[in-house]
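# Structure assessment
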Amino acid sequence: MSLLSIESVTKRFGGLTAVDDVSFTLDAGEIVGLLGPNGSGKTTLINLVSGNLPVSSGRITLAGATLTGRRPDQIARAGVARTFQLVRILPSLTLSENVMIPAVFGAKAHWGAEALAVAQDALKQVGLDDRADMSASRLSYIDQKRLELARALAAEPQVLLLDEWLAGLNPSELAEGIALIRGLTDSGITILMVEHIMEAVRALCPRVIVMNSGQLIADEATETALTDPQVIAAYLGESVDA
Amino acid sequence: MRRYLPIVGFLVFAAAPFAVSDYGLGLLIGAVTYVTLASAWALFSGHTRYISLATVAFYGTGAYVVAVLNETLPYGLVLIIAALIGALMALLVGLSTLRLAGVYFVIFTFGLAELVRQLITWYEVNVTGTLGRYIFLDVTAREIYWQMLALAAVTIGLTAFIHRHRLGLALRVIGDDEVVAAHAGIPLARTKLLAFVASATILTLAGAIASPRWVYVEPAIVFNSTVSFLTVIMALLGGANRLWGPALGAVPLFFAFEYLSVNLPNTYPIVLGLLFIAVVFVLPDGVLAGIEKLRARWKRGAA
């Protein structure tokens, strides 16, 4: 049975249809890439799943429970965590506090030493555990990205939505980032990742979903999709093999 | 040692009426009232950074409830009713406005105080036919002082409790980034509402306790927007997100304004404005944070 299911989801902003009747499902433990040129509706779709935006029509379910129509905090507690395309850290809090939050306010409602332990574990996974008491405002860009991932992990989610989490990293950081995400999939978490870096998509995702102008144009094995004439046409001018 | 400091301070303040003149006691009441107002204001606004200018809407309502009910009901009951009315008002206002962000919230809260004032004026003129009311209560200045001091202590105690509780963490996250807060599982509306109602209830109660000092009450007197502005400046000066920040800002500023309003009655609002600007530019996080920064720099310099 599928874990996350997107059924005929549509999002309109006035006259613009940003997501147009998109349907697909994710099985538990899968890691799927969400591709498409800029403006194709990938981030909007992520926002619809996380509840950041309400859908215009359609239905999204997690393990059979309806997510559409619920608030972001309810969806978070139901087991969906995400990172943001433009990194969003909490600058006035320490690293440990940043990461502790979803553990404290999530489904399991940890508090005190327990919450700290969850935060410390998540920080360790991304390699920031030695700076737990530092203020988040002092982190470099790559470390802010790590921190955001640690925060999503501390939610102990069933589904993790990554919105271009690997963007803006240099080659060695990218290799580290790919290894980090691969490590996560071994733990059984289900991941939907928006990504432009084909190297990462090839390395991590056996299956991809491709969007163009709000519509789903391909949902197939990665190798097939990258040679699919429709997909290549959508990326027009961008080298798919880059 | 540091743990007992607040208790010692409280006892010193509690004993102060025996050592000062009537005029001195009046000043002490004013100072403690502003400590309460600034601390209660910061209870909601300190961490969430929702700058509320509605302080006087609640404070004035508290005073007006006493003015209306003081001849018909026992004093204790009047205070309870005032607190309940304040809480109910905050609930209604909160439900309809806490979705507003930034400057819209500031403007709304400023308008709220004016709205309440105009509504009461309209009601008094058209329905009851009087504008002013008298408060003749058998409450001495000392009793008012002790009640206000107790309320201040409760406010600071409650703030300390919230800081250590998950509600405090939730408010800090909301102050930093509401989108992240929601996506981490924090129910935004409920969290903000809870803090706003707690803060407003205390503000209303402070108005009710202070009201017998006025004797004569009318809307233009009790809904004076200067109270709202002073409260904000005091809390920001001390550091609105610190436990003792609002109190440390309130005491010196209260005495400074008292001195200025006596000695420079005409230019006093200018000084007030300049001070507001200075606080925002020079000490955006308050004196306490400023001192910490200086200390850190000095330490680094020494090492």
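Residues numbered from 1 in each chain as written. Chains lettered and ligands numbered in written order. Predicted model: local features only at pLDDT ≥ 70, side-chain atom pairs only at ≥ 80, totals over all residues.

One frequently used descriptor of interface size is the decrease in accessible area upon assembly of the parts. On the side of chain B, 16 residues touch chain A, which itself brings 19 residues to the contact. Looking at the side of chain A that touches chain B, the elements with two or more residues in it are α2 (72–78) and α3 (95–105) of chain A. Classifying every residue of the side of chain A that touches chain B gives 10 nonpolar, four polar and five charged. (Contact = placed C-beta atoms within 7 Å. Helix = DSSP H or I, 4+ residues; strand = E, 2+ residues; numbered from the N terminus. Nonpolar A, V, L, I, M, F, W, Y, C, P; charged D, E, K, R; others polar.)

We now examine the domain arrangement of chain A. All names here are of chain A. On domain assignment, one finds that chain A holds domain 1 (1–79 + 161–242) and domain 2 (91–156). Averaged C-alpha coordinates put domain 1 and domain 2 at centres separated by 24 Å. With eight residues of domain 1 at the interface, the matching set in domain 2 holds nine residues. Within the residue set of the side of domain 1 that touches domain 2, elements represented by two or more residues are α2 and α6 (171–186). Across the side of domain 1 that touches domain 2, the residue classes break down as four nonpolar, two polar and two charged. (Domains from an automatic or database assignment.)

Another point: the sheet that holds strand β6 (residues 80–82) of chain A. All names here are of chain A. In spatial order, the strands read β6-β7-β8-β3-β9-β10; together these six strands make up an open sheet with mixed pairing. Every other strand in the sheet has two partners, leaving β6 and β10 (215–221) as the edge strands with one partner each. Sheet twist, expressed as the average angle between the axes of neighbouring strands with direction ignored, equals 20°. Here six bridges tie strand β9 (residues 207–212) to β10, and the two strands are oriented antiparallel to one another. Note that in β10 the partner of Val210 across the bridge is Ala218. (Pairing = 2+ DSSP bridges. Axes fitted to C-alpha atoms, helices over the stretch in contact; angles between N-to-C directions.)

A word on helix α11 (residues 225–238) of chain B. Residues and elements named next belong to chain B. Given a rise of 1.5 Å per residue, 14 residues ought to cover 20 Å, and the 21 Å separating the end C-alpha atoms of α11 matches this to within 8%. Burial analysis of α11 places 11 of its 14 residues in the buried class, which makes it a mostly covered element. Of the positions making up α11, those classed as buried are Val227, Ser228, Leu230, Thr231, Val232, Ile233, Met234, Ala235, Leu236, Leu237 and Gly238. Positioned one or two residues after α11, Gly239 has a phi angle of 120°, which is positive. (Expected span 1.5 Å × (residues − 1). Buried ≥ 20, exposed ≤ 12 C-beta atoms within 10 Å, placed from the backbone.)

It is worth spelling out the environment of Leu193 of chain B at this point. All names here are of chain B. Positionally, Leu193 belongs in helix α9 (residues 188–210). Sequence-wise, Leu193 and Leu84 are 109 residues apart; in three dimensions their C-alpha atoms are separated by 15 Å. If we ignore the near neighbours within four places in the chain, the residues touching Leu193 are Gly94, Leu95 and Leu98.

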